[in-house]
Amino acid sequence: MFIQKAWRTAAFGLYGFTQFTKSGFLEHAKKFREEDMQIRLDGKNCLVTGANSGIGFATAEGLASHGATVYMLCRNKERGEAALNQIKSKTGNENVHLEICDLSSINEVKSFATKFTSMDKPLHVLVNNAGLLEHKRETTAEGLELNFAVNVAATYTLTELVMPLLEKAAPDARVITVASGGMYTEPLNKDLQFSEENFDGTRQYARNKRVQVALTEWWAAKYNKGVGFYSMHPGWADTPGVARSLPGLSEKLSGNLRSNDEGADTVLWLALQPKEKLSSGAFYFDRAEAPKHLKFAGTAASHSQINSIVDSIRSICGLPALG
């Protein structure tokens, strides 16, 4: 097991340095089609979590520039308002709205979902972007490990609770979850809240992102009519989150990290494409379907645990058991 873990880490490092950096993006961009990004989203409703900075901000701005009505879900009202005003000013789109919710609180997620679904508007695009990498083990007021609460519990709960609005927008509706290449280093693990003694925030983040990718497969199989589900990897982007959580990576790759717009490029591409061009349940990177597992990494078989993991998440989040 130790040898396999070491192999995964080494393979991920090599793959990442050649593919996930700015130079990787510029190389892949040679194959991009300009017409893919000329599609309009007028009349479409989009919800983006963690939308006040980084990839979330670039995504919200990109959607607004294509004419969408955008709902920015942010934790901090002041930063959210500043981001909202910036997007409105830059895009000229007045149909951009701020919603406040602390995604580390499942109760707040439920309250927001109740309020949002009461508007009874079709939701064409949900972007699960908000993410957290906290190195020390912290527990929320609701008793959840903090990384898991934001990255997994909130992502799952919000997606499930706004499903009626997504189904109302079928067959155009889609859910795009911003995962991370870090998930290549970890298999799916039933210890969702990392109860092991030596807590490792980076490993927990990678495990959380592996859950997101497996959940995307699970959703695609469960809701196979009208709603498409896609996970994606933005590459290594120079976001505030990366600078705070992974200062070593940020310093080592200084000048070769992707911009926020480059990191958000595939999110926007997934939001714009006709669904027949996309594969529900798939993992995307730089506008193309990407492998979910590195060769010889031994992570593929772990996805068979997703049904019991979903049951655990529902129980932890106080959602009714699936029939």
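See the structure printed just above.
Residues numbered from 1 in each chain as written. Predicted model: local features only at pLDDT ≥ 70, side-chain atom pairs only at ≥ 80, totals over all residues. Heavy atoms only, no water.

## What to know about the overall build of the protein
Logical step 1: Broken down by element type, the protein carries 12 helices and eight strands.
Logical step 2: For the protein, the residues scored as buried account for 56% of the 323 residues in total.
Logical step 3: Contacts in the protein between residues far apart in sequence, at least 24 positions, make up 76% of those at least 6 positions apart.
Logical step 4: By element, 52% of the accessible surface of the protein is carried by carbon and sulfur atoms, the whole surface being about 13900 Å². (Helix = DSSP H or I, 4+ residues; strand = E, 2+ residues; numbered from the N terminus. Buried < 20%, exposed > 50% of the residue type's maximum accessible area, 1.4 Å probe, protein only. Contact = heavy atoms within 4.5 Å. Areas by Shrake-Rupley, 256 points an atom, 1.4 Å probe, with all protein chains shown as cover.)

## Comments concerning the pattern of salt bridges
Logical step 1: Summed over all chains, the structure comprises 20 salt bridges.
Logical step 2: For Lys 30, the salt bridge is made with Glu 27, and the minimal N-O distance between the two is 3.0 Å.
Logical step 3: By relative accessible area, which is 64% here, Lys 30 ends up exposed.
Logical step 4: Among the charged side chains, a network of salt bridges with common partners joins Arg 33, Glu 35, Asp 36 and Lys 277. (Salt bridge = Lys/Arg side-chain N within 4 Å of Asp/Glu carboxyl O.)

## Some remarks on the side chain of His 233
Logical step 1: As for its placement among the helices and strands, His 233 is situated in strand β6 (residues 227-233).
Logical step 2: There is a polar contact of 3.3 Å between the side chain of His 233 and the backbone nitrogen of Gly 235. (Polar contact = N/O pair within 3.5 Å; in protein donor to acceptor, adjacent residues only side chain to side chain.)

## Overview of the packing of aromatic side chains
Logical step 1: In the structure shown here, the tally under the stated rule is 13 aromatic pairs.
Logical step 2: Aromatic side chains Tyr 156 and Trp 219 sit 5.8 Å apart centroid to centroid with 10 degrees between the ring planes, which places their arrangement in the stacked category. Of this pair, Tyr 156 sits in helix α6 (residues 146-161) while Trp 219 sits in helix α8 (residues 201-222), and the two are 63 residues apart along the sequence.
Logical step 3: By relative accessible area, Tyr 156 is classed as buried at 0%.
Logical step 4: The buried category is assigned to Trp 219, whose relative accessible area is 1%.
Logical step 5: Counting every residue linked through ring pairs, the aromatic cluster contains Tyr 156, Trp 218, Trp 219, Tyr 223 and Phe 229. (Phe/Tyr/Trp six-rings, centres within 6.5 Å; stacked < 30°, edge-to-face > 60°.)

## A closer look at the packing of α6 against α8
Logical step 1: Their axes nearest at 9 Å, the elements α6 and α8 cross at an angle of 15 degrees. Judged on the interaxial angle alone, α8 and α6 are roughly parallel. Two packed elements cross with a definite hand, and for α6 against α8 that hand is right-handed. Mapping the contact onto sequence places Asn 147, Phe 148, Asn 151, Val 152, Thr 155, Tyr 156, Thr 159 and Glu 160 in α6 and Gln 204, Tyr 205, Asn 208, Val 211, Gln 212, Leu 215, Trp 218, Trp 219 and Lys 222 in α8.
Logical step 2: Its residues placed into classes, the contact of α6 with α8 shows eight nonpolar, seven polar and two charged. (Axes fitted to C-alpha atoms, helices over the stretch in contact; angles between N-to-C directions. Parallel < 35°, antiparallel > 145°, perpendicular 65-115°, else oblique. Left-handed = near helix turned anticlockwise from the far one by under 90°. Nonpolar A, V, L, I, M, F, W, Y, C, P; charged D, E, K, R; others polar.)

## Here's the deal with unusual backbone geometry
Logical step 1: A cis amide bond links Ala 170 to the next residue, Pro 171, at an omega of 5 degrees.
Logical step 2: You can see Pro 171 is positioned in the loop between α7 (163-168) and β5 (173-178).
Logical step 3: Despite not being glycine, Phe 194 has its phi angle at roughly 50 degrees, a positive value.
Logical step 4: Looking at Phe 194, the relative accessible area reads 1%, which means it is buried.

## Some words on the packing of α8 against helix α12 (residues 306-316)
Logical step 1: Between α8 and α12, the least distance of the axes is 10 Å, while the angle of their chain directions is 105 degrees. Overall, the two elements α8 and α12 adopt an arrangement that is roughly perpendicular. Where α8 approaches α12, its residues Val 211, Ala 214, Leu 215 and Trp 218 are matched on the opposing element by Ile 306, Asn 307, Ile 309, Val 310 and Ile 313.
Logical step 2: The residue makeup of the contact of α8 with α12, split by class, is eight nonpolar, one polar and no charged.

## Focus on the pairing of β5
The side chains of a regular strand alternate between both faces of the sheet.
Logical step 1: Summarising burial for β5: six of the six residues are buried, a large majority.
Logical step 2: Burial of β5 is two-sided: the residues Ala 173, Val 175 and Thr 177 facing one way and the residues Arg 174, Ile 176 and Val 178 facing the other way are all buried.
Logical step 3: Direction of pairing for strand β4 (residues 125-128) relative to β5: parallel, over a ladder of four bridges. Along β5, the bridge assignment pairs Val 125 with Arg 174.
Logical step 4: With six bridges connecting them, β5 and β6 associate as parallel partners. Looking at the pairing, Val 178 lines up with Met 232 of β6.
Logical step 5: Handedness of the β5-α8-β6 crossover: right-handed. (Pairing = 2+ DSSP bridges. Right-handed = clockwise from strand over helix to strand, strands pointing away.)

## Digging into the pairing of strand β3 (residues 96-100)
Logical step 1: Where strand β2 (residues 69-74) and β3 come together, five bridges link them in parallel fashion. Each bridged residue has a counterpart across the sheet, and for Tyr 71 the counterpart in β3 is His 97.
Logical step 2: Remark: the β2/helix α4 (residues 77-91)/β3 crossover connection has right-handed handedness.

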